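# Summary of the model geometry
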Amino acid sequence: MLIDLRSDTVTRPTPEMLKYMFSARVGDDVYKEDPSINELQEKTAKIFGKEAGLFCPSGTMTNQCAIKAHTQPGDEVICDVSAHIFNYEGGGMAFNSGVQAKLVNGDRGRFTAKQVEEVLHPQADWLPRTSLVCIENTSNRGGGSYYRLQDVKEIAEVSHKNNLALHLDGARIFNALTETGESPLEYGKLCDSISVCFSKGLGAPVGSVILGSHEFIGKARRVRKLFGGGMRQGGYLAAAAIYALDNHIGRLKEDHKRAKILGDVLKTNSMILDMLPVETNIIIFTLSDGITAEKFVQLLGRQNILVSATGKQTVRMVTHLDFTDPMLEIVEKAIKNI
Ligand SMILES: *Cc1c(COP(=O)(O)O)cnc(C)c1O
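Let me sum up the structure you'll find in this document. Computed from a predicted model, the values in this text were never measured in an experiment.

### Focus: the side chain of Ser 145
Within the element layout of this structure, Ser 145 appears in the loop between strand E5 (130-136) and helix H7 (149-161). Residue Ser 145 is classed as buried on the basis of its relative accessible area, which comes to 0%. A polar atom in the side chain of Ser 145 sits 2.6 Å from the backbone oxygen of Arg 108. Residues contacting Ser 145, with those up to four places away along its chain left out, are Arg 108, Arg 110, Asn 137, Thr 138, Ser 139 and Glu 279.

### Notes on the sheet that holds strand E2 (residues 52-56)
The strand order E2-E8-E7-E6-E5-E3-E4 describes an open sheet built from seven strands, whose pairing is mixed. In the strand order of this sheet, the two ends are held by E2 and strand E4 (100-104), each with one partner. Strand-to-strand twist of the sheet, defined as the mean angle between neighbouring strand axes without regard to direction, takes the value 20°. As paired strands, strand E3 (residues 76-80) and E5 are joined by three bridges and run parallel to one another. Following the sheet pairing, Val 77 is matched in E5 by Leu 132. Packed on one face of the sheet, helix H10 (residues 214-226) meets E2, strand E7 (193-197) and strand E8 (208-212) and runs near 15° to E2.

### Focus on empty space enclosed by the protein
One pass over the structure, following the stated rule, counts two cavities of 30 Å³ or more. Size it by volume and the largest cavity reaches roughly 60 Å³. Lining the largest cavity are 13 residues, with Asp 80, Ala 83, Gly 109, Ile 135 and Glu 136 positioned closest to its centre. For the lining of the largest cavity, the secondary-structure elements that each account for two or more residues are E3, helix H4 (84-87) and E5. Element by element, the count of residues in the lining of the largest cavity is highest for E5, at three residues.

Rules and cut-offs
- Residues numbered from 1 in each chain as written.
- Predicted model: local features only at pLDDT ≥ 70, side-chain atom pairs only at ≥ 80, totals over all residues.
- Heavy atoms only, no water.
- Helix = DSSP H or I, 4+ residues; strand = E, 2+ residues; numbered from the N terminus.
- Buried < 20%, exposed > 50% of the residue type's maximum accessible area, 1.4 Å probe, protein only.
- Polar contact = N/O pair within 3.5 Å; in protein donor to acceptor, adjacent residues only side chain to side chain.
- Contact = heavy atoms within 4.5 Å.
- Pairing = 2+ DSSP bridges.
- Axes fitted to C-alpha atoms, helices over the stretch in contact; angles between N-to-C directions.
- 1 Å grid on protein atoms, 1.4 Å probe; cavity = no way out; pocket = protein on both sides within 12 Å on 5 of 7 lines; lining within 4 Å.
- Points joined across faces, edges and corners; volume = space filled by probe spheres on them.

Below, the structure written as structure tokens:
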């Protein structure tokens, strides 16, 4: 048996999800005629209290569509130094939108309203025009850390007072909400756009939705087409996402519980020097000088356990829908014997 903890994107659709997908009603979504995609967009928008949604093939595309729709070339986008939009989207914000990042040093991926205030530019002919603030919740490179609503409220206030749009990269927003118990409607009130991924912890095979006002989604829709993301009978995929919203949110707490147990076991291993607090489903740790991340990955790999080296000395593990209690026991043993 292979146990894959590299990412929560490795999940396969459950038999029930597949059945639901096969029974989907579909149409041509470029003509807005796919009933399943329309349903998913409306359903997701309603959860967050936004006017409209747009289904895209990936979270990279929802983020990039949002950045393009919010900015003009030459603008500056405020984000954390660890942000996915800056580190893991192929330089997309420069390539697709001609904007540059203004990086902020947050606390495990989360920054404050004060930090936004410190870096946003006043108007001057020679300064880049700051136009967008992007927060990530949970933070991927921050080890699954999450914001509290009060902090997001303050960021939203500063952003809007200075005419900046606020985008939420909510690839794992439901992981955050699972821990805080806060309402997605509150996030909808504060953020001008929200990207939600279905192919992460929610366990769908493909897809993300971007949310915003009717006007914003109109712009994003045009951008999606020009990026090549206008799909036709994509409703089979949207159906998986609908199924995930209905069935897979409540179980995210299991992923968090298993991640905490794994974190505690890992801490007893003398090769592990340091670990980010395990807040949701991501575990990131640093190895002592005696062993490289590559070697550590190999050692577990020999026991059919896959984990990611995210740096020379850092390793990441992510729990998900296809990681069960019996697998957890196997991994616990392997870590103790490594
Ligand atoms: C995974 C992820 C995305 C989107 O990634 P895709 O693989 O393009 O779907 C965006 N933001 C964060 C924080 C992510 O972890």
